[in-house]
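Residue-level listing of the chains:
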Amino acid sequence: MSQGGLLRSAGQVAAGTLMSRITGFARTLALAALLGSTLTNDAYNVANTLPNMVFELLLGGVLTSVIVPLLVRAEKDAEERGGDPNAYAQRLFTLATLGLTAATVVGMLASGLLVTMMGLGPSRPNHGTATLMAVLLLPQMIFYGIGALAGAVLNTRESYRAFAWAPVLNNIVVILVAVGMIWLRQDRAELSTTGVVVLSVGTTLGIVAQALVLIPSWRKAGFRWKWRTDFRGVGLGELRSLAGWVLAYVVIGQIGFIVATNVANVASARLTPGEQSKWTYAALLFQLPYGILGVSLLTALMPKMSRAARDHDWPRVKEYLADGTRLTGLGLIPVSVAFWLLAVPLTVLFFDVGAFGGEAARSTGLILAAASFGLLPYAVTLLQLRVFFAAKDARTPSLVMVGIVAVRIVLSLGCLLLPARYIVLGLAVANSVAFLVGAVVGDVVLRRRFGRLGTGAVLAQLVRITAAALVGVALATPVYLWLSTLLSGVDAWNLEGLTGVPLLSMSKLQIATVLAVAAAVGLVGFVAAGIGLRIPDLRRLVRR
């Protein structure tokens, strides 16, 4: 497939993903306004992480790694043998639903233990709240599984839009619940037990809606789900052998996350409640550009790489890897550099709302700015590991992940030596450093496995993109400082100005003006410099 075809496929994903991220951002703002920088917010973030974490342990990692290659192979086998092309996927749906239902019941019974494992033990004042929330949120796992399997089936059939747009409905449901609760509240005190129940049930219903809205799309793509329990002798043994390594891959990643979460909760205990929430919100914003650009490309690439790997067309696989890396860099490097300057006005504009507060929003922006250098390494590492998964090799990614998580754990624990106010900022940097190491290790391992990758040519393009991005931020910085001084009446040509202190005395409209004008100047500068530096992908994109 040409690069233009890849861009078209990725564009189908990006449109829905963009809207889902925008509504997801609005959802985060609504929740921040409702819960503020409080113990309840920390409890909600921990509890709402549990269904995602347990789902990833049981099935999510398999779905995002080896299921698409196996579905591609199963469809070809069915075509060659004249069998039912839906049979393999139907068996997977049956297994996933039964397994996740059982896991949900176990998880609900062990919710207190799970919350304790995340750093909110029985001695913490929000342990009971987090446990109640976990009981009501863990049923999400069943519908995460249904939705993710449906998305994998749709993607293998070159149908991308529905799965990309489905999270929009989930976000709208949660936004309506949060806004309704804000409207009904009389004060900013911690939520009552009734409020906790309403918020948790509403959050779970959002995931239910996200899964069920896919039913018309999978039927349109020719898939019909029926219960099938004839599991023997139909190729599921290969899935079982791969799933063991994928489980190890996910468990290793979750260990790193659990350690970081516990360190963030230590920061909340040492300093003020809400440090863990700042870290969580910064991580969500870190994921935002990756979710729009990186995930869109990865979703479009995975079926294509899987088909090339199935046919042992390794030059084509490496071509997809190089295209994906360059296009990811083109999208994410300018964002990473822009975050150095604009992360704080972004978070102050949107998160200084309700009970969260301006200083908490500014701190969130500084955490994001500190982590932003890791955005491209994070995306590239995940792309590299998908090459192994496309080749149905789950062992190598697991071993690479061991190295990434080892670096992250050591650095995360080292953050405990920092002053309390810098702990969560250090956690963000630790995660980015770990994936920077992962990108280097991933390239070395790929070259040993598949031969030369053309890394030098790709790096030359990335260096040019970085140079163009630096030109953009260099032009935007004096505009940002001048507008901050003009609109706040405070001299912003100093460290406080660069870190957003004058923004706290400005109105939302003024902050939006600073953000929009500086971003526009930076974007124009980046595009102009990129064209001048003859970046091929940028020039093709501009022509399109």
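Residues numbered from 1 in each chain as written. Predicted model: local features only at pLDDT ≥ 70, side-chain atom pairs only at ≥ 80, totals over all residues. Heavy atoms only, no water.

Visitor: What's the story with the packing of aromatic side chains in this structure? I'm lost.
Guide: Two descriptors summarise a pair of aromatic rings, namely the distance from one centre to the other and the angle between the planes of the rings. All told, the structure shown has 13 aromatic pairs when counted by the stated rule. Between W218 and F223, the aromatic rings sit 5.9 Å apart at their centres with planes inclined by 80°, giving edge-to-face as the arrangement. Of the two residues, W218 and F223, neither departs from the other in class, the shared state being buried. Each residue in the set F25, Y281, F350 and F351 is aromatic and connected to the rest through ring pairs, giving one cluster. (Phe/Tyr/Trp six-rings, centres within 6.5 Å; stacked < 30°, edge-to-face > 60°. Buried < 20%, exposed > 50% of the residue type's maximum accessible area, 1.4 Å probe, protein only.)

Visitor: Honestly, the side chain of Q90 in this entry has me stumped. Any pointers?
Guide: When you line up the elements, Q90 lands in helix 4 (residues 87-109). Q90 sits in the buried class, given a relative accessible area of 3%. There is a polar contact of 2.4 Å between the side chain of Q90 and the backbone oxygen of R224. Here Q90 is in contact with D84, F223, R224, W225, K226 and R228, once residues within four sequence places are set aside. (Helix = DSSP H or I, 4+ residues; strand = E, 2+ residues; numbered from the N terminus. Polar contact = N/O pair within 3.5 Å; in protein donor to acceptor, adjacent residues only side chain to side chain. Contact = heavy atoms within 4.5 Å.)

Visitor: In this structure, what is going on with the environment of A492? I would like to understand it.
Guide: Within the fold, A492 resides in the loop between helix 18 (455-488) and helix 19 (495-498). Looking at A492, the relative accessible area reads 0%, which means it is buried. Between the C-alpha atoms of A492 and A467, which are 25 residues apart in sequence, the distance is 26 Å.

Visitor: Just checking my understanding: could you explain the packing of helix 15 (residues 375-390) against helix 16 (residues 395-414) for this structure?
Guide: When two helices pack together, their arrangement is given by the angle between the helix axes and the distance between those axes. At their nearest, the axes of helix 15 and helix 16 sit 9 Å apart, and the two run at 155° to each other. Here helix 15 lies roughly antiparallel to helix 16, going by the angle between them. Residues T381, L385, F388 and F389 of helix 15 pack against T396, P397, V400, M401 and I404 of helix 16. For the contact of helix 15 with helix 16, the per-class residue count stands at seven nonpolar, two polar and no charged. (Axes fitted to C-alpha atoms, helices over the stretch in contact; angles between N-to-C directions. Parallel < 35°, antiparallel > 145°, perpendicular 65-115°, else oblique. Nonpolar A, V, L, I, M, F, W, Y, C, P; charged D, E, K, R; others polar.)

Visitor: I would appreciate a short explanation of the pattern of salt bridges in the present structure.
Guide: Pairs can form between side chains of opposite charge whenever their charged atoms are close. A full pass over the atoms with the stated rule returns eight salt bridges. Among the ionic pairs, E319 bridges to R316, the shortest N-O distance being 3.7 Å. Linking E319 with R316, this pair stays in helix 13 (residues 314-351), spanning three residues, or about one helical turn. R316 gets classed as partly exposed once you look at its relative accessible area, which sits at 29%. The network of salt bridges with shared partners includes D323, R326 and D537. (Salt bridge = Lys/Arg side-chain N within 4 Å of Asp/Glu carboxyl O.)

Visitor: Just checking my understanding: could you explain the environment of F25 for this structure?
Guide: Locating F25 in the fold gives a position in helix 1 (residues 3-35). Separated by 146 residues in sequence, F25 and N171 have C-alpha atoms that sit 8.8 Å apart. Setting aside residues no more than four positions away along its own chain, F25 makes contact with L285, F350 and F351.

Visitor: Would you take a moment to explain the packing of helix 4 against helix 7 (residues 140-156) for this structure?
Guide: Axis separation between helix 4 and helix 7 bottoms out at 8 Å; the angle between their running directions is 160°. Comparing the axis directions of helix 4 and helix 7 gives the class roughly antiparallel. Considering the relative orientation of helix 4 and helix 7, their crossing is right-handed. Taking contact as the criterion, the partners of A89, L92, F93, A96, T97, L100, T101, A103 and T104 in helix 4 are, on helix 7, M141, I142, G145, I146, L149, A150 and V153. Per-class residue counts for the contact of helix 4 with helix 7 are twelve nonpolar, four polar and no charged. (Left-handed = near helix turned anticlockwise from the far one by under 90°.)

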